[in-house]
2 protein chains.
Amino acid sequence: MYIDLSNAKTTISQALTDQAETYRKQLFSGTMENTGWVDLPWNMAGDILDRIQQTADEIAGKCRLFIVVGIGGSYLGARAVIDALNGDQPGRPHVMFAGYNMTGAHLDKVVEAMKEQATCLCVISKSGSTLEPLLAYSILKEEMFAKYGEKEAKKRIYVITGLQDNPLRQDIEKYGFSSYYIPENIGGRFSVLSIVGLLPIAVAGFNIRQLLQGAASLSMEHIVDYACTRILLQQGGKDIEVFTYFSTNLRFFGEWLKQLVGETEGKDGKGVFPACLCFSRDLHAVGQFLQQGHQIFYETMIQYKRAQADFVIPDCVGEPFAGKMLEQINRCSEAGVVKAHSEGGIPVIVVNVEQVDEYNIGQLIYFFELSEAISAMLLGVNPFDQPGVENYKMNTKRLVESL
Amino acid sequence: MYIDLSNAKTTISQALTDQAETYRKQLFSGTMENTGWVDLPWNMAGDILDRIQQTADEIAGKCRLFIVVGIGGSYLGARAVIDALNGDQPGRPHVMFAGYNMTGAHLDKVVEAMKEQATCLCVISKSGSTLEPLLAYSILKEEMFAKYGEKEAKKRIYVITGLQDNPLRQDIEKYGFSSYYIPENIGGRFSVLSIVGLLPIAVAGFNIRQLLQGAASLSMEHIVDYACTRILLQQGGKDIEVFTYFSTNLRFFGEWLKQLVGETEGKDGKGVFPACLCFSRDLHAVGQFLQQGHQIFYETMIQYKRAQADFVIPDCVGEPFAGKMLEQINRCSEAGVVKAHSEGGIPVIVVNVEQVDEYNIGQLIYFFELSEAISAMLLGVNPFDQPGVENYKMNTKRLVESL
């Protein structure tokens with residue numbers, strides 16, 4: 001993995017670097033609240049990992065459909081990794097996500113899929129009381145009981161929640177569902193390398209050991225540089241960070257980044273607005289704006305060198321494309337965009353990995369988590385709270401009560 | 001359909017309204033270039049519509065998989081409508097999109113799907129030479145020839161392109177593929193109510209007549225108000241328009257809006273940056289930023305009253321939710337968010353339709369097309385060109401030549 005900051009055209013002072021480096025050390029000091037995620041690449045090893053893998057294989061052995069109910073950090077990380085690694089794997093269940101909305105039509109599709117396939121259900125919620133997943137879980141639990149009868153359904157439902165008393169923990173007691181707990185000091189958006197992300201990723205058939213090894217092997221040198229560059233660009237009037245990538249498989253990695261950035265630094269009237277664009281598609285949609293619209297953004301592009309699948313361009317296309325590989329053209333388009341955008345005055349940061357596999361995705365996750373936490377600290381906000389999501393929840397409850 | 005602008009808290013002057021009204025009339029005057037789309041709700045009727053429906057039914061009769069190759073406006077509109085209307089319909093083919101990227105792994109999935117199911121292929125490109133769809137089409141055309149043999153494959157490939165000479169038109173001549181042409185005066189992002197959108201939508205099994213009737217029945221009164229409000233918010237420092245909706249089915253409607261706004265007004269250093277957030281999911285991702293982050297955005301929320309499917313909340317959830325309908329809670333969350341956001345100082349525009357069906361989606365499409373064209377004219381830019389997407393294309397070609 002390497003980072004190219006040359007097209008960001010910022011100059012990082014020694015004082016800023018020192019400040020960021022101090023914050024980086026603070027994250028690793030073990031004295032800061034909610035930093036349990038920092039140690040996951042090393043702590044989630046040996047016995048714990050074996051147990052997760054064993055549960056995952058057990059689940060994979062008894063279903064073709066694995067429904068994961070969760071929202072925010074209990075959902076986006078696993079989906080980001082599974083999609084990035086190209087989704088369904090031979091011999092492993094299809095992982096379907098639910099509980100991240102209250103759209104009846106979406107839940108209906110999940111219930112329809114259940115009817116046709118052997119199913120296991122997993123609900124993930126640290127508080128155990130978040131409305132959207134709780135409602136979906138309750139409806140899907142009833143469907144599981146109806147499909148399998150209580151005795152068999154109990155062996156097919158898995159609960160991942162916090163240790164404190166909550167509706168999900170009560171169900172664990174009542175029905176004896178298999179369960180894992182989410183440590184108190186790991187927040188949702190930093191939880192993908194914990195049980196929260198690892199179980200669904202392992203069920204889907206991916207190598208969670210390599211994911212963690214990738215994270216553990218991350219070189220620390222560029223984290224601070226990226227965090228500092230982000231702050232300087234923001235101070236220079238760049239109010240939007242646009243994450244871009246030339247693979248449809250990285251779409252949910254972009255969504256995961258949006259949460260990581262939006263919830264971590266979007267407070268006290270501060271923070272960069274996170275957006276993600278999936279190229280080539282969005283070059284033919286928002287590309288015009290990027291090149292010639294209101295220049296209030298910078299671009300962070302995630303590149304990969306080796307593709308997961310490829311095709312030869314047929315002769316009928318003619319020169320210069322015929323006989324080349326499709327992803328070779330994709331790489332040229334990528335380089336062409338970096339050149340056009342940076343020449344057009346857009347600050348472009350490139351984060352480049354060898355290929356999109358478990359090891360490299362692990363590195364990317366940990367890189368963005370650490371640099372984002374440091375960015376928030378440089379902005380002077382608490383990276384680990386999200387006080388601004390309570391208002392609408394209270395309003396919702398009041399409105400439901402008045403129905 | 002109604003629009004609530006009260007939470008945008010702007011005051012539209014008579015002069016601005018008059019200016020916008022002048023532009024609206026200009027769009028309908030028949031004297032302005034590239035405004036062929038304005039008449040589509042009335043022009044795409046009778047014989048033309050019958051012919052499209054007939055072709056669509058013929059396609060639906062001979063395949064289970066309909067692959068549509070296109071990018072930008074040749075793709076997003078049809079996908080937006082099909083997804084909004086809840087996707088796959090009983091007895092109709094699954095519509096799969098390709099050619100909007102150069103991701104080998106994505107094309108591989110399309111080719112795999114082809115192997116298992118009776119397939120028809122449709123390529124949509126006005127210029128007939130856009131790189132991404134041309135490459136995907138060429139590869140998939142070879143796959144079709146390999147699967148069916150040339151004689152049968154020819155009856156299963158459909159081409160929608162402009163009238164001028166181009167590689168696709170040459171293939172129409174060479175192989176005798178069924179074809180439709182895209183009128184010169186309709187640009188991609190305004191083409192969903194033309195053959196470009198209508199054929200895939202009809203193949204998927206939706207009522208294109210109602211889609212057009214909805215558009216034709218749009219009341220003109222709110223278009224100008226919305227366009228003016230957008231300009232005033234932008235002048236007041238709101239640089240991002242965040243489109244939001246409480247249905248996963250509207251996700252691609254959001255993507256379609258991003259292109260419509262980004263390409264129409266993002267030029268000459270102007271324009272609002274378009275983003276879309278799918279609630280509830282993104283309330284638990286970017287919701288924190290919206291409520292307490294850097295306040296440089298306004299929100300345009302698309303609401304619907306009646307849901308496409310619904311569920312009763314089980315008793316185990318307890319008061320006040322048990323026994324209520326899931327989408328009732330979704331509506332309360334929607335109202336709760338409008339209240340929390342507008343009380344938090346975010347300008348919120350609400351666009352509300354009775355339900356997400358063909359008629360109302362037709363209205364929404366036409367509403368946003370017209371108001372966006374007027375917005376661009378108020379900004380002083382040409383709504384119908386996209387000069388900023390040429391640089392990266394030239395770079396790409398040069399890089400491919402040097403491989």
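Residues numbered from 1 in each chain as written. Chains lettered and ligands numbered in written order. Predicted model: local features only at pLDDT ≥ 70, side-chain atom pairs only at ≥ 80, totals over all residues. Heavy atoms only, no water.

**Some points on the interface of chain B and chain A**
Between chain B and chain A, the contact holds 104 residues from the first and 104 residues from the second. Summing both sides of the interface, chain B and chain A together bury roughly 8900 Å²; the carbon and sulfur share of this comes to 68%. In terms of surface lost to chain A, no three residues of chain B exceed Phe273, Arg281 and His284 of chain B, which account for 9% of the buried area on that side. Linking chain B with chain A are 2 salt bridges. One salt bridge in this structure joins Glu255 of chain A and Arg281 of chain B, with 3.0 Å as the shortest N-O distance. Breaking the side of chain B that touches chain A down by element, the ones donating at least two residues are α5 (104–116), α6 (131–154), β7 (240–245), α11 (251–265), β8 (273–278), α12 (287–292), α13 (326–343) and α15 (390–401) of chain B. No other element matches the 12 residues that α13 of chain B contributes to the side of chain B that touches chain A. (Contact = heavy atoms within 4.5 Å. Buried area = accessible area lost by both parts, 1.4 Å probe. Salt bridge = Lys/Arg side-chain N within 4 Å of Asp/Glu carboxyl O. Helix = DSSP H or I, 4+ residues; strand = E, 2+ residues; numbered from the N terminus.)

**Overview of the domain arrangement of chain A**
Residue and element names in this part refer to chain A. Entries for chain A in the domain assignment read domain 1 (2–28 + 217–379) and domain 2 (40–209). Domain 1 puts 20 residues into the contact, and the matching count from domain 2 is 21 residues. In total, about 1900 Å² of surface goes out of reach between domain 1 and domain 2, with carbon and sulfur atoms giving 65% of it. Counting across the domain 1 and domain 2 interface gives 1 salt bridge. Across the salt bridge formed by Glu263 and Arg189, the nearest N and O atoms sit 3.0 Å from each other. At the boundary of domain 1 and domain 2, one finds 7 residue pairs in polar contact (both at pLDDT 80 or more). Elements supplying a minimum of two residues to the side of domain 1 that touches domain 2: α11 (251–265) and α14 (358–379). Looking at the side of domain 1 that touches domain 2 element by element, the count peaks at 8 residues for α11. (Domains from an automatic or database assignment. Polar contact = N/O pair within 3.5 Å; in protein donor to acceptor, adjacent residues only side chain to side chain.)

**Quick look at the relation of the copies chain B and chain A**
For the pair chain B and chain A, the best superposition has an RMSD of 0.0 Å and corresponds to a rotation of 180° with a translation of 0.0 Å parallel to the axis. In the structure described here, the two chain copies are related by an operation that fits a two-fold rotation axis. Looking at the rotation axis and the C-alpha trace of chain B, the residue lying nearest is Ala275 of chain B, at 3.4 Å. (Least-squares fit on C-alpha atoms with pLDDT ≥ 70 in both.)

**Some details on the packing of helix α8 (residues 195–203) of chain B against helix α9 (residues 208–216) of chain B**
Residue and element names in this part refer to chain B. At their nearest, the axes of α8 and α9 sit 9 Å apart, and the two run at 135° to each other. The angle between α8 and α9 places the two elements in the oblique class. Residues Leu198, Ile201 and Ala202 of α8 form the contact with α9, whose own contacting residues are Ile208, Leu211 and Leu212. Considering only residue class, the contact of α8 with α9 consists of 6 nonpolar, no polar and no charged. (Axes fitted to C-alpha atoms, helices over the stretch in contact; angles between N-to-C directions. Parallel < 35°, antiparallel > 145°, perpendicular 65-115°, else oblique. Nonpolar A, V, L, I, M, F, W, Y, C, P; charged D, E, K, R; others polar.)

**Focus on helix α5 (residues 104–116) of chain A**
Helix length check: α5 of chain A, at 13 residues, gives a terminal C-alpha distance of 19 Å against a target of 18 Å (1.5 Å per residue), a fit within 8%. Tucked into the core, α5 of chain A has its buried residues touching β2 (65–69), β3 (94–98), β4 (119–125) and α6 (131–154) of chain A together with α13 of chain B. (Expected span 1.5 Å × (residues − 1).)

**Quick notes on the pairing of strand β9 (residues 297–306) of chain B**
All names here are of chain B. With respect to burial, β9 is a largely interior element, 8 of its 10 residues being buried. Both β7 and β9 contribute to a ladder of 6 bridges, which runs parallel. Each bridged residue has a counterpart across the sheet, and for Val242 the counterpart in β9 is Glu299. Two strands pair when backbone bridges link them, and β9 and strand β10 (residues 348–355) are joined in this way by 7 bridges, in the parallel orientation. Counterpart to Thr300 in the pairing with β10 is Ile349. Once you follow β9 into α13 and on to β10, the crossover reads as right-handed. (Buried < 20%, exposed > 50% of the residue type's maximum accessible area, 1.4 Å probe, protein only. Pairing = 2+ DSSP bridges. Right-handed = clockwise from strand over helix to strand, strands pointing away.)

**Details of the pattern of salt bridges**
Residues and elements named next belong to chain A. For the structure on display, the rule yields 44 salt bridges over all chains. Residue Glu58 is joined to Lys62 by a salt bridge in which the shortest nitrogen-to-oxygen separation is 3.6 Å. On the criterion of helical spacing, the pair formed by Glu58 and Lys62 is a turn pair, its members being 4 residues apart in helix α3 (residues 46–62). Residue Glu58 is classed as partly exposed on the basis of its relative accessible area, which comes to 41%. Residue Lys62 is classed as partly exposed on the basis of its relative accessible area, which comes to 24%. For Glu112, the salt bridge identified is with Lys115, shortest N-O distance 3.1 Å. Remark: Lys115 and Glu112 occur in helix α5; sequence separation between them is 3 residues, near one turn of the helix. On the accessibility criterion, Glu112 (36% relative accessible area) is partly exposed. Since its relative accessible area comes to 58%, Lys115 is described here as exposed.

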